[in-house]
Structures are given as structure tokens and as C-alpha cells.
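Letter by letter, the chains look like this.
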Amino acid sequence: MPSSHADFSYVDDPAPGHGSTAPRSAFRSDAPALSLGGSWRFLLSPAVDAAPDGIERDDFDDGGWTDIPVPGHWQLHGHGSPAYTNVRYPFPVNPPQVPSDNPTGDHRLLFDLPDDWPDEPAVLRFDGIDSCGRIWLNGVELGVTKGSRLPAEFDVGPLLRPRGNLLAVRVHQWSAGSYLEDQDMWWLSGIFRDVTLLARPAGGVRDFTVDADYDHLTARGTLRLDADSGVRITVPELGITDLPAGRSAEIADVAPWSAEEPRLYEGEVHTDTERVPVRVGFRTVTVEDGQLKVNGRRIVFRGVNRHEFHPDSGRVVPREFAVADIELMKRHNVNAVRTSHYPPDSAFLDLCDTYGLWVIDESDVETHGFSELDWRGNPSDDPRWADAYLDRMRRMVERDKNHPSIVMWSLGNEAGTGRNLAAAAEWTHRRDPTRPLHYEGDTDCSYTDVHSRMYAGHDEVDRIGQGVEGHPRLRELPFILCEFGHAMGNGPGGLVEYRDLFERHPRCQGGFVWEWIDHGITRRDTRGGAHFAYGGDFGEPLHDGNFVIDGLVHPDRTPSPALAEFSKVFEPVRITAADGALRVTNHYDVLSTAHLRFHWVLEEEGTEVAHGVVTVPTVEAGDSTDVPLPELPPTGAESWLTVRAALAADTAWAPAGHVVSWGQTPVTRAAPVPPAAGATLDTTGTALRLGPGVFDPLTGRLTALGGLPVEGPRLDLWRAPTDNDRGSGDPEETRWRAAGLHRSQHQLLGTERLGDTLVVRTRVAPPGLGFGMRADYHWSGDAHRLRLRLEVEPDGTWPCTLPRLGLRMALPGGLGTAEWFGRGPGEAYADSRQAARIGRFTRTVDALQTPYVRPQENGNRVDLRWLRLTSADGAGLRVDGEPAFAFTARRWTSEHLDAATHTTGLAPGDTVVLNLDLAQNGLGSASCGPGVLPPYRLHPARASLTLTFTPTGSTDAQETPAR
Ligand code: IPT
């Protein structure tokens, strides 16, 4: 059926939408408002001209349509499918045209006005429609909106009826605007943010700008209201009553706003007919002496890039999840957010004001796909798109200008460069001189105020800090990493080395980890299980796989180990031991330590033996102090002192007692493991016997240990590659596979008896290649224990690093609980181990696993002195190490882990596969950024590891403590 709305030219038109009113601040006043969210009628058509005619008419019959929730994305409600691409556009690049196969979602809602709805002007507000919406109310076309993550308002007052209002919205998946919305995320369409009808009282507040500056030299605040004449502001707490628009007031001794102390003064912007609650935060952002300062102080971004995401509802993020994000961030020492790569729902910014986070608010602009065409035809430099760039910037700045949390505007992300960005910058500088401007793509900062890079390696950041890198103009500007520490899968490694650079160089002012959350979409299978889907899982012909799974929290917002690492690395207070004293260093931007209480605990072999309070005088931001170590009782076994700084009182984001920072220092060193010797090697039967061990004489492999069937430890060099091993440039995994490390063969060179030591000599090497690793196992024992000294030595020239160097063995599946003395409780790797402290920890084997959305190496615990694996009846095995060792224990092998593409692909087997490692290669962040730093690369070299195995039993009363 041909449509009467035959003119679809707006879809391919690079111009912004039309018909909406001038953008203004997002606020809720005392004027009546009606939320139009809920169940709407819906029809999806495969193309614009396949959509039905007349949907705006009262007599249109939508009886054959379905229901859909608004806000929502139709792809997550059974219509069409989500699709993921990172850089590439999923359609031919022929700007400004988009495919004629353009899924079009028609939405209809019938609504009544409340009885007391006033007879006055009103606007219909759409907070976000992806990507283009054409809107009618009661048969009259209101206009068209583009700019998916930006609001649009339409005057509707005279069109309203008390009953039976018909709102019709036609949404196109693709529009010219899609060329500006090529962010690295799922393509998801629909009316995905709130729709609200707002009464606009005559003589009310149309818009307003509150400027609240803070002079840190005098502690005076200056409050200024810009608005239409007749609008006033009242802030009772500051003694300000009816300050008219256009005038400013000076306030002595005002408390400034900061991310650490988000002081807000409540007030009201008002006219005779409308009152708008406002919250005023005083702060002044400047760039001076090459530094970004807030209220005269250098700040450091310990930030994250946050996409709006929920695993069930996509970019529809219910308020409780925005709150959850902020609480998690604050509890993990995150102090800043870049709203990558579009303005978030404004509720999130309200929360940033309340809880305290520094925010870079980013415009809804990304044209990354043009990089595939060497940036030919990039809209950023094409005059046809000039209005769209300006329109997007303007709608963001006007919407969000009154948020004290926003300290910088950003022009967008990965949009190359060009005159439209320069013009948007110029407009923004004029409109809001109070905030510096960010855009990473302006590589020589010709129209921006801070030097910004993504994924620069440590060396480069160091050179930037020294002022010896880049264009001379850049050397005088603050430097930030708008993206770093790519958190895809297991990793990143190398965070603490970035922190050191931010502390060493005053112009290096931190950065934003990429990114906050894994965008995995919940998929339920028919058997009631669920897993998280990524690119390609919905049959997309073009996709970028799991590159969308790169967050510090898993899709369901459970923290990944990387968030714990972030929290420890960027803790605002550092507690160290120096020269017999405790040193407390304050790395907050502004806060003193007055809100913290310091406690100590002494643990002997991981068990608490004493605790107390540490009295620490208040340390101001940037200062440090030394206090005496507490008086400690004597201890015998290895003992550590842990000092924690915890919140003294409840805050909005965590209860009193929440630990903000901690430090550890050894008190008593470990005694060596007593040697196990004296057992005689019995070669008389069909098996070799040594103490509690039984060996296969043909292979020299251990087959039983004190009654436990085992599959003997043997050299293991392989791990299931992480996303960072897979890398994006010159992947480590490719070298490892070329070297055949995933299919090493074990050759027995011979067994020999040296006194009562059984020596098993082997060579482990890949097929078809000439190099290998000699591995000799020296077994000795006493009546209860078996001692293994493993000696390895490279044979030939190795072409690559090793994923791991250690032993792997299989144990009965019943040994389902691990207890260890070493670092924990969480997983750790050579270059990501700051969060792991020395202690005694217990986890079930199942709980040792980190369920990365794409399965890969995980769950490693490091620096173990000993490990015990036990079954429910207490029987099991203890392993003591010299030097300390690392372990993973799982119900599947590395090969299974490697082969699985989703968590549901991992089926528990009958055994517990135990890896006891001397080392693993570090993690790095080569999935998008620098690889493993040199100190954490595992090169093949001669090495030795000694382990003592003690079978333990519920009935075995003879279990001897090993030390
Ligand atoms: C960078 C993008 O800005 C970001 O959106 C995300 O895609 C990230 O990469 C990778 O996850 S751009 C890249 C060219 C460094």
C-alpha cells in the first residue's frame, strides 16, 4: 500500500531534524508533567515505503499490530536482531544515503490528560529516538528528530484533547544521522529514552543557565543566573533571595563542589508561575601552567569510559542501574567518567552531581567508518553536515550546562577532523567559556584545550610528560588518556605503571579506562540456561565478534578482576612501610584523610593473631606522613601486617567501614619447607613406588598419591589465549601457535635412579620444529610426602615467549575446595596483581573461575606458599612450593577453555585439572593498546621449581604440618 507520506527525503537529508523548539536545560519544574512511557502499539516494516499509510489518523486500525514497551529497542522485543560492528558501517558507505531496506518501526499511543491538566502551552519531549523519528500528534505532524542520544521537544499545547490523544511516531533504523553515529556498540533502534508531556505555564521558566564560580584564593563564590527577564533564583542556604536573571551575587566562604566533596546548595529558579528546583555547585575549571585545574588544584582523572548499557534492555538503562554504576565506581576509587561516545540519559548526570564524579560529556558524533576509506567523504569536513554537527553540540551543551560535575565538553569520538568540528568547537567556546573543550581527533589541538590520546604506551606517555614529544603547542597543554587500559577479557595489565606516570609528570592528568561495562546481551537457551551474546551471535553478516566485551564489569555488573585491580592501583591513599614506620600518602585531589580511620591486623600464616587502631594525624591532599608501626606480638610462622583505611562514617555510596585503601608489609619471614627424604624407591613390583607415590615405570608419570588416583604432573607451556594474547596488531597468540605450543609433545628420554631419587628426563617440544624444552623431574620422599624438583632448560633457539611455565596434573573431581596461603582472594597475573594481598583464602573450584564472556585463561592465584585441595570428607592433597608458585584449578582443560566461544560451552569433566606454575606471561592490553611490558614477558630460560605433595585424609591423623 503506497504511503501518502511519500516524501521520505528527510531520511537521507544530512540536515538535523526540524520542527522542534530551541534546545534548553533538562529540568523538572512544578509544572504538570505526564510520562508517556508504557505499552505502545507497534509495527515493524522492512523498508520506509513498506510502512503503512495514515498511522497518524484516529481511524487507522492498528489491531494487527503488537505491543511494545516504550522506552525500548525493538530488536530486544522480538522484532529484528541486534547487530554489532566496531568501526565499519553495516551498510554501504554512500553518504548521505542509507539503505532502502531500512527497518521502520511505527509506534502509536492513545492517552488521556489527567483531569487537572492545565489549559496552557505544553511540549512533548523525546529524550532519545534511534535513529530518526517522525512525529504526529492528533493527526498533525510535529516534525522530525535525529541525533539519537539527544532530546527533542515539540510545541503541542493547542493540539491536546482531554481524552483520546493519538501520538504516532515513525522510527527509522537508518538515517543520514547514522553516518554520525558509528560508535563501537550494538546497533539498536527505537524510542529508547523517556517520552514526556510537559505543561509550560505562561510566564514560566523557558530555560536558564546557572554559573557558579569559585575563587580558591578568597573562598568566594559568584552566582549568576542567565535567563529571560523576570526569572529569579533563590538559594536560602546562601542567603540569596530573588536574584534576578542577568545579575550576579558574591558569597563569602562558600564550600566548593568537587568529585570528592560534591557540595550542592539547593535552591529554586522561579517566576511567578513556575518553580524549578536547582542544585548549585561552585567550581571553576581552568587550564593554567599546562595543567587542568579545578578550584585552583590539579586534578587526576582515575576514570572510566561509560556506555549506557543493560544486558536485557540495551541502551535503556533504568535508574537503579545508573545508581548501581555510580556506587560501584565510587566504591572502586573511580573518580571520573567520559560519557563515551554520546550524552547519557540526563538522570546519570544528576547522579554524578550528587555522588561526585568528574565528567567529560561527549557529543553524539562518531564517523569512524570513514577511516576504512582513508577518511574520504568524512562528514566532519563536508559543509552539508555543518548544521548537524552544530545541532548535536548545541543540544548537548544546552541540555547539560547546569551540571557542576561536567568539567569538559567533548566534540565526539573518532570522527577524523574537519571544519564542522572546528565550527562546533568555536560555538562551544563562545557559548560556554567556563569549560575547556576535548576532542582526541584534533591531534594538534588547533581547536581544543587539552592534549588527548588513546592507548598511548607507557614510553610515549613518559615522553609526553617530559615535554619532548609532539607539536610544540601540545607541550604546553594538560595531557589525558581519553582511553587506556583496554579491559577486554582478562586484563588489562600495566595499570600501575600508568599510575606512576600520572604521579611523575604534573601535566599527565590521568585517563579513562576503556571501558566500564561488557556489552553482552542476555540470551536464554531452551534448557533454561543463559549466557551473554556478542557480535556474530545474531547472524550478522558483518560483525566484530567479542570486541564489544571489554569492560571492567561483566554485563550483569558483577565486577571483573580488572575492577579490583583498578581500585587498588588508583586508591586515593597509599599505605607503605618505610624505615620501620608506616607511610601514609594522600593522593586525593582535594580531600584530607580526616574522613578515614586506620586499622591494622597481624596475620600469622593468614590467620589473625592481633589487631588494633593506627592513629594517623590528618594528612592533607598531596601530603604524606610517617607514623610508628604498631607494637606487635611475636609470631613464629610467616606473618604480615595489613593496614587498612576505611570510611569513618556512612557516605551516599558506601557504609562506614568500607575499605578505601590498604597496604601490607611482612613481619616474620617464611621458614623453608622441611626436606622430604628417606623413602626408598621400590622397583620390585609392576609399578615404581616412592613414599606415598606410585609411578608408571614406562612413562615415569605419577599415577597415585597416598591412595588418590592422579595423572602425574607434567610440564605445561600452554594457556587458553586471552583477548590480549590474541591482540590486534602483532598477536602473541599467533607466534605461540606458529611455535606449536598448543600441541607440544612429551618425549621420555629416560628414567634413572640416583640413590633414592627417581629422575625422569623428558623433552617437551612442538611437532615439526627443532627447538624444545628439557624437563627433568627429580622425585624424592619420606613416608608421608613426595618432593618434586622440576628442572627445565631450553633446547635450541626459541622464537617466542611462553604463555606459561609450570606443571599440569589431573586429580579426582571430588577435590572441589581449594584453600591457600598466598595472594588472593582474586585472580592475579604478573602485571595485574596489585589487588591481591597475602592471606589465607578458601574457594570452591567452581568459584575460582572468572566467567569471562568469551572463555579464556582466568582464575590464576599467585605467590602461593601452599595449597590444599580437599573433598567434602576432608581427604585431599597439600602442595608446598619453593619458590612460591601460582595455580589454577578447573573442571576442564586449557584446550576446552580455548575451544569454547561462550560460557555455556564449558562442561565440567570428572577431574580437577590443576596447574602449578612458576610463571605465566603477563596480560598487557594488546587487544587495543600496548602489549606486555618487558619485565612481565616470560622468556624461555633455565628454571627450577620445587613442590612437596602431601596426601591428606579425613582418616589420616598423621597429617604433618609442612613447616
Ligand atoms: C577506540 C574507540 O574510541 C572506542 O570506541 C573503542 O572502539 C575502542 O577503540 C576499542 O574498544 S578507537 C581505536 C582505533 C583505538
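Structure first, text after, so check above.
Residues numbered from 1 in each chain as written. Predicted model: local features only at pLDDT ≥ 70, side-chain atom pairs only at ≥ 80, totals over all residues. Heavy atoms only, no water.

1. Section: the nonpolar core
Residues Met393, Leu411, Trp516, Leu552 and Phe598 are the most contacted members of the largest nonpolar core, which totals 108 residues. Leaving out residues up to four positions away in the same chain, tryptophan 516 has contacts with Val304, Asn305, Arg306, Asp325, Leu328, Met329, Gly551, Leu552, Val553 and Leu563. Judged by nonpolar contacts, the second largest core, of 56 residues, contains Leu702, Met773, Leu788 and Leu938. (Core = buried A, V, L, I, M, F, W, Y, C linked by side-chain atoms within 4.5 Å. Buried < 20%, exposed > 50% of the residue type's maximum accessible area, 1.4 Å probe, protein only. Contact = heavy atoms within 4.5 Å.)

2. Quick notes on the sheet that holds strand E8 (residues 132–137)
A sheet is described by the order of its strands in space; here six strands give the open sequence E3-E2-E5-E11-E8-E9, paired in antiparallel fashion. At either margin of the open sheet sits one strand with a lone partner, and together these are strand E3 (66–70) and strand E9 (140–146). Strand-to-strand twist of the sheet, defined as the mean angle between neighbouring strand axes without regard to direction, takes the value 30 degrees. Pairing between strand E2 (residues 38–45) and strand E5 (residues 104–111): five bridges, direction antiparallel. What sits directly across from leucine 44, in E5, is glycine 105. (Pairing = 2+ DSSP bridges. Helix = DSSP H or I, 4+ residues; strand = E, 2+ residues; numbered from the N terminus. Axes fitted to C-alpha atoms, helices over the stretch in contact; angles between N-to-C directions.)

3. A look at the packing of aromatic side chains
The description of an aromatic ring pair uses the distance of the two centres, along with the angle that the planes make with each other. This structure, assessed with the given rule, holds 29 aromatic pairs. With 5.0 Å between their ring centres and 65 degrees between their planes, phenylalanine 91 and tryptophan 174 make a pair best called edge-to-face. With a gap of 83 residues between them, phenylalanine 91 in the loop between strand E4 (83–85) and E5 and tryptophan 174 in the loop between strand E11 (165–172) and strand E12 (185–187) connect regions that are remote in the sequence. Using a relative accessible area of 5% as the deciding quantity, one classes phenylalanine 91 as buried. (Phe/Tyr/Trp six-rings, centres within 6.5 Å; stacked < 30°, edge-to-face > 60°.)

4. Some remarks on the site of the ligand
Near the ligand you find 14 residues, and of these Asp184, His341, Asn413, Glu483 and His486 are the closest. Between an oxygen atom of the ligand and a side-chain N or O atom of aspartate 184, the distance comes to 2.5 Å. Asparagine 413 is positioned such that a nitrogen or oxygen atom in its side chain is 2.8 Å from an oxygen atom of the ligand. Burial of the ligand by the protein chains amounts to 85% of its free accessible area of 390 Å². (Near = heavy atom within 4 Å. Polar contact = N/O pair within 3.5 Å; in protein donor to acceptor, adjacent residues only side chain to side chain. Areas by Shrake-Rupley, 256 points an atom, 1.4 Å probe, with all protein chains shown as cover.)

5. Description of helix H4 (residues 419–431)
Residue pairs three or four apart in sequence face the same way in an α-helix, which turns once every 3.6 residues. With 13 residues, H4 extends 18 Å from end C-alpha to end C-alpha; this agrees with the ideal 18 Å at 1.5 Å per step. All buried positions along H4 are accounted for by Asn420, Leu421, Ala424, Ala425, Trp427 and Thr428. Take H4 and look down its axis: the buried residues cluster within an arc of 165 degrees, on one side only. Opposite the packed face of H4, turned more than 90 degrees from it, sit the exposed residues Glu426 and Arg430. Lining the buried residues of H4 we find helix H3 (386–400), strand E28 (406–410) and strand E29 (437–438). (Expected span 1.5 Å × (residues − 1). Arc of directions from axis to C-beta.)

6. Examining the layout of surface pockets
Here the second largest pocket is characterised by a volume of approximately 830 Å³. Ser560, Pro561, Ala564, Gly826 and Ala835 are the residues nearest the centre of the second largest pocket, which is lined by 42 residues in total. At six residues, helix H7 (residues 561–569) tops the list of elements feeding residues into the lining of the second largest pocket. Its residues assigned to classes, the lining of the second largest pocket shows 18 nonpolar, 14 polar and 10 charged. (1 Å grid on protein atoms, 1.4 Å probe; cavity = no way out; pocket = protein on both sides within 12 Å on 5 of 7 lines; lining within 4 Å. Points joined across faces, edges and corners; volume = space filled by probe spheres on them. Nonpolar A, V, L, I, M, F, W, Y, C, P; charged D, E, K, R; others polar.)

7. Notes on the pairing of strand E27 (residues 358–362)
The buried count for E27 comes to five of five residues, which makes it a mostly enclosed element. Neither face of E27 is open: one carries Trp358, Ile360 and Glu362, the other Val359 and Asp361, and all of them are buried. Across three bridges, strand E26 (residues 336–338) lies against E27 in parallel orientation. Following the sheet pairing, valine 337 is matched in E27 by valine 359. Taken together, E26, helix H2 (residues 346–355) and E27 form a β-α-β motif whose crossover is right-handed. Between E27 and its parallel partner E28, the chain crosses via H3, and the hand of that crossover is right-handed. (Right-handed = clockwise from strand over helix to strand, strands pointing away.)

8. Remarks on the sheet that holds strand E43 (residues 688–690)
Strand order in the open sheet formed by five strands is E42-E43-E44-E45-E46, and the pairing between neighbours is antiparallel. Looking along the sheet, the strands with just one partner apiece sit at the ends: strand E42 (681–682) and strand E46 (708–709). Pairing analysis gives three bridges linking strand E44 (residues 693–695) to strand E45 (residues 702–705), with the strands arranged antiparallel. In the sheet register, phenylalanine 695 faces E45, and the bridge partner there is leucine 702.

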